[in-house]
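Here's the letter readout for the chains.
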Amino acid sequence: MVSSEGLPLERLPGHVAIIMDGNGRWAKERDLARVEGHKQGAKRLRDVISWASDAGIKQVSLYAFSTENWKRPKLEVAALMGLIATLLPLEVAKMNEKGARLLTLGDISKFPWLARRALQKAMQATAHNSTIDVILCLNYGGQQEIVEAARHFYASLDQQTDKQKQAAFEQLTPETLYSFMQRDEILPVDLMIRTGGEKRISNFHLWDAAYTEFYFSDTNWPAYSQQDLQAALTDYASRERRFGKTSEQVQGKDHE
Ligand code: IPE
Ligand code: IPE
Ligand code: MG
């Protein structure tokens, strides 16, 4: 089986995470306000859902607002919240057409009511879709997510004796902590793309970063194209993911 983009399906990443960076620089290069960059960026977000769906990708997570982005000027934060509230309702029809189900990751309880309502409505209106999951990461931070998991783990021991609690901590494994991360519906990130030329993770999907494949693109997000995405997918398809094993083991030539 090959995807519509010509790659063998087993060589396609299941979950692609994108750090959509470079909106501000794109605008500055054109003497525009930063918010114009965010508006163009929102258009690319719509396109990438469609390209990823056509390529046969099952999940795409899009970093739209980090826990650190609250530190930006108040007006820029307000503009970003405004874009969610105004643009998201316009995307629902297209998402339904592409079979895209909207999910969120991050604490949206801190968002203004209008943005929250737009997100909730779009999630409800697309809940039945199953071609691709679009996970909007909003007020998301990888460190915060791990700390939250630790809190949930501790809370789960509420009814236990001190001795049982101590035993639970001693036996704690990465798998157990992960099970408290509330990512039941989310596949491990196979490929993380960052646009805009910076080579850092900026607190995105820290847990999965353990074995995610990284791809850095110099294109600023508002100028990101289907060819750019295709280049990342083709590069990913050529990689050998070893997860600590040897190349021979991965290729099944050495079973020791
Ligand atoms: C990414 O673009 C969008 C958000 C963080 C919301 P930036 O706004 O970070 O753009 P640059 O990095 O300043 O160019
Ligand atoms: C990461 O980009 C967050 C998003 C794309 C939403 P930033 O522009 O906030 O990251 P830093 O500050 O350059 O690391
Ligand atoms: Mg940036």
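Residues numbered from 1 in each chain as written. Chains lettered and ligands numbered in written order. Predicted model: local features only at pLDDT ≥ 70, side-chain atom pairs only at ≥ 80, totals over all residues. Heavy atoms only, no water.

Turning our attention to the overall build of the protein chain. Across its full length, the protein chain carries 9 helices and 6 strands. Its C-alpha atoms give the protein chain a radius of gyration of 20 Å, within 12% of the compact-globule value 18 Å for 256 residues. Overall, the protein chain is about 60 × 50 × 35 Å in size when its C-alpha atoms are taken along their principal axes. Evaluated residue by residue, the protein chain yields a buried proportion of 45% over its 256 residues. A fraction of 76% describes how many contacts in the protein chain between residues 6 or more apart in sequence connect residues 24 or more apart. When the accessible surface of the protein chain is summed, it comes to about 13700 Å², and 53% of that surface belongs to carbon and sulfur atoms. With 32 positive and 33 negative side-chain charges, the protein chain shows a spacing of 7 Å between the two charge centroids. (Helix = DSSP H or I, 4+ residues; strand = E, 2+ residues; numbered from the N terminus. Rg over C-alpha atoms; globule rule 2.2 N^0.38 Å. Buried < 20%, exposed > 50% of the residue type's maximum accessible area, 1.4 Å probe, protein only. Contact = heavy atoms within 4.5 Å. Areas by Shrake-Rupley, 256 points an atom, 1.4 Å probe, with all protein chains shown as cover. Lys, Arg positive; Asp, Glu negative; His and termini not counted. Charge placed at Lys NZ, Arg CZ, Asp CG, Glu CD.)

For the rest of this paragraph, the subject is the domain arrangement of the protein chain. We note that the domain assignment places domain 1 (9–140 + 187–236) and domain 2 (142–184) within the protein chain. For the domain 1 and domain 2 pair, buried surface summed over both sides reaches about 890 Å², with 58% attributable to carbon and sulfur atoms. Between R183 and D208 there is a salt bridge; the shortest N-O distance is 3.4 Å. Counting every contact that joins domain 1 to domain 2 gives 7 residue pairs in polar contact (both at pLDDT 80 or more). (Domains from an automatic or database assignment. Buried area = accessible area lost by both parts, 1.4 Å probe. Salt bridge = Lys/Arg side-chain N within 4 Å of Asp/Glu carboxyl O. Polar contact = N/O pair within 3.5 Å; in protein donor to acceptor, adjacent residues only side chain to side chain.)

Neighbouring ligand 2 are the residues I19, M20, D21, Y63, A64, F65, N69, R72, R194, R200 and S202. Within the side chain of D21, an N or O atom sits 3.2 Å from an oxygen atom of ligand 2. With respect to ligand 2, the side chain of S202 contributes an N or O atom lying 2.6 Å from an oxygen atom. Coverage of ligand 2 by the protein amounts to 78% of the 390 Å² it exposes when considered alone. Per-element accounting of the shell around ligand 2 gives the leading share, 3 residues, to strand 2 (residues 59–66). Here the shell around ligand 2 is composed, by residue class, of 5 nonpolar, 2 polar and 4 charged. (Near = heavy atom within 4 Å. Nonpolar A, V, L, I, M, F, W, Y, C, P; charged D, E, K, R; others polar.)

A separate point is the side chain of R101. Here R101 lies in strand 3 (residues 100–105). Note on R101: relative accessible area 17%, which makes it buried. Not counting residues up to four positions away in its chain, the partners in contact with R101 are M95, T126, A127, N129, I132, D133, V134 and E185.

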